[in-house]
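Listed here are the chains, written in short residue letters.
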Amino acid sequence: MTAAMMGAVARARAVAATVTDPEMPMLTLVDLGVLRDVHQEEDGTIVVTITPTYSGCPAMATIREDLANALASTGLERVEVRISLAPPWSSDWITVDGRRKLEAHGIAPPHAAPRPTTGPVPLALVAHRPVVQCPQCDCLDTEELSAFGSTACKSLHRCRRCGEPFERIKEI
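Residues numbered from 1 in each chain as written. Predicted model: local features only at pLDDT ≥ 70, side-chain atom pairs only at ≥ 80, totals over all residues. Heavy atoms only, no water.

## Some details on the overall build of the protein
Definition in use: Segments assigned H or I by DSSP are reported as helices when at least four residues long, segments assigned E as strands when at least two residues long, and all are numbered from the N terminus. Exposure classes here rest on a 1.4 Å probe applied to the protein chains alone. A residue is buried below 20% of its type maximum, exposed above 50%, and partly exposed in between. Working rule for contacts: check all heavy atoms of both residues, and any pair within 4.5 Å makes them a contact. Surface exposure here means Shrake-Rupley accessible area, sampled with a 1.4 Å probe, where a residue is shielded only by the protein chains that are shown.
The helix and strand inventory of the protein stands at four helices and seven strands. Secondary structure elements of the protein, listed N to C terminal, follow the sequence α-α-β-β-α-β-α-β-β-β-β. Overall, the protein is about 55 × 40 × 25 Å in size when its C-alpha atoms are taken along their principal axes. Relative to its full complement of 172 residues, the protein shows a buried share of 39%. Sequence-distant contacts, at least 24 apart, represent 53% of the contacts inside the protein between residues at least 6 apart. Accessible surface, the protein as shown: approximately 9700 Å² in total, 57% of it carbon and sulfur.

Structure follows, in structure tokens:
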């Protein structure tokens, strides 16, 4: 790779790292763990690869357009945004800084995602309800009001101590 190519890739990576999630604009695509790769093809095309949090995530079209526009605004002429579904996104990919930003904005970050097992999958007949800490007062006495929040990746909760409602990012 030539120095010019490395410079274009570094510039593209820096620009892509500033693009925010349209549903949670306090998070960059890096914070969310959605930005997967930036490289340059032999023909000079800059390729940015992202992975959706859910395969049907409605924000992906906006993210793809925001990325292409941000890259084009820096003078990069040949840009392609690719979506990769493999490996699937995990809430574990949210960075420490991303988790801190979620809490600062009143959204409880996810717990560690369940790990795949080998062999038979245990059958749970009762829904698992994790203990969720209130991002306002840190109380653990919270209740789930709805399994679905403003987006499919969130659930809605309320703190029994301070009474504040809040959303939580689900682990997957």
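## Structural notes on the nonpolar core
The cut-off we apply is this: The definition of a nonpolar core used throughout is a set of buried Ala, Val, Leu, Ile, Met, Phe, Trp, Tyr and Cys residues joined through side-chain atoms within 4.5 Å. Where each domain starts and ends follows an automatic or database-derived domain assignment.
Core analysis: the biggest nonpolar cluster contains 31 residues, and Met-24, Ile-46, Val-48, Ile-50, Leu-67 and Leu-102 have the highest contact counts within it. Those elements giving two or more residues to this core turn out to be α1 (3–16), α2 (29–32), β1 (35–40), β2 (46–50) and α3 (60–72). In terms of domain composition, this core takes at least three residues from each of domain 1 (8–89) and domain 2 (96–112 + 128–169). Residues Cys-134, Cys-139, Cys-159 and Phe-166 belong to the second largest nonpolar core, which totals six residues.

## Here's the deal with empty space enclosed by the protein
Stated precisely, the cut-off is as follows: A 1.4 Å probe that fits but cannot get out identifies a cavity on a 1 Å grid over protein atoms alone, an open set with protein on both sides within 12 Å along at least five of seven lines counts as a pocket, and a residue lines either if it has an atom within 4 Å of a point. Grid points are joined across faces, edges and corners, and a volume is the space filled by probe spheres set on the points.
What the rule picks out here adds up to one cavity of 30 Å³ or more. Quantified by volume, the largest cavity comes out at close to 90 Å³. Taken together, 13 residues line the largest cavity, and the ones lying closest to its centre are Asp-21, Met-24, Leu-32, Thr-53 and Cys-153.

## Some thoughts on the domain arrangement of the protein
Condition: In short, buried area is how much 1.4 Å probe accessible area vanishes from two parts on joining, totalled over both.
Parsing the protein into structural domains produces domain 1 (8–89) and domain 2 (96–112 + 128–169). Between domain 1 and domain 2, the C-alpha centre-to-centre distance is 27 Å. Taken residue by residue, the interface counts six residues in domain 1 and eleven residues in domain 2. Buried surface at the junction of domain 1 and domain 2, summed over both partners, amounts to about 760 Å²; 73% is from carbon and sulfur atoms.

## So, the sheet that holds strand β3 (residues 79–83)
Keep this limit in mind: In this description, strands pair whenever DSSP reports at least two bridges between them. Here an angle of 0 to 180 degrees is reported between the N-to-C directions of two axes, which are lines fitted to C-alpha atoms, with helices fitted over the stretch in contact.
Pairing within the open sheet is mixed, and its three strands lie in the order β1-β2-β3. What marks the edges here is a single partner per strand, and that holds for β1 and β3. Averaged over all neighbouring strand pairs, the angle between strand axes comes to 20°, with direction disregarded. Bridge count between β2 and β3: five bridges; the pairing is parallel. Opposite Val-48, over in β3, you have Val-81 as the bridge partner. Against the sheet, α3 contacts β2 and β3, and its axis sits at roughly 155° relative to β3.

## A few points about the UniProt feature "domain: MIP18 family-like" (unreviewed entry) in the protein
As a reminder, the rule being used: UniProt positions are given in the numbering used here, feature names are shortened, and annotations may be inferred rather than shown by experiment.
When the UniProt feature table is mapped to this numbering, "domain: MIP18 family-like" (unreviewed entry) covers residues 17–81. Along residues 17–81, the helical share is 26% and the strand share 22%, with 14 Å between the first and last C-alpha atoms.

## Re the side chain of Ser-90
We apply this condition: Throughout this description, a polar contact denotes any pair of N or O atoms lying within 3.5 Å of each other; where both atoms belong to protein, one of them has to be capable of donating a hydrogen while the other can accept it, and for residues adjacent in sequence the pair is counted only when both atoms sit in side chains.
Relative to the assigned elements, Ser-90 resides in the loop between β3 and α4 (96–104). A polar contact of 3.2 Å, which involves the side chain of Ser-90, links it to the backbone oxygen of Ile-172. Beyond its immediate sequence surroundings of up to four residues, Ser-90 is in contact with Ala-113 and Ile-172.

## Details of the pattern of salt bridges
To be explicit about the condition: The term salt bridge refers to a side-chain nitrogen of Lys or Arg lying within 4 Å of a carboxyl oxygen of Asp or Glu.
Evaluation of the coordinates by the stated rule reveals eleven salt bridges. For Arg-100, the salt bridge identified is with Asp-97, shortest N-O distance 2.5 Å. Residue Arg-100 and its partner Asp-97 are located together in helix α4, separated by three residues, close to a single helical turn. The shortest N-O distance in the salt bridge between Arg-168 and Glu-171 comes to 2.3 Å. Residue classification places Arg-168 among the buried positions, given a relative accessible area of 4%. The network of salt bridges with common partners includes Asp-31, Asp-97, Arg-100 and Lys-101.

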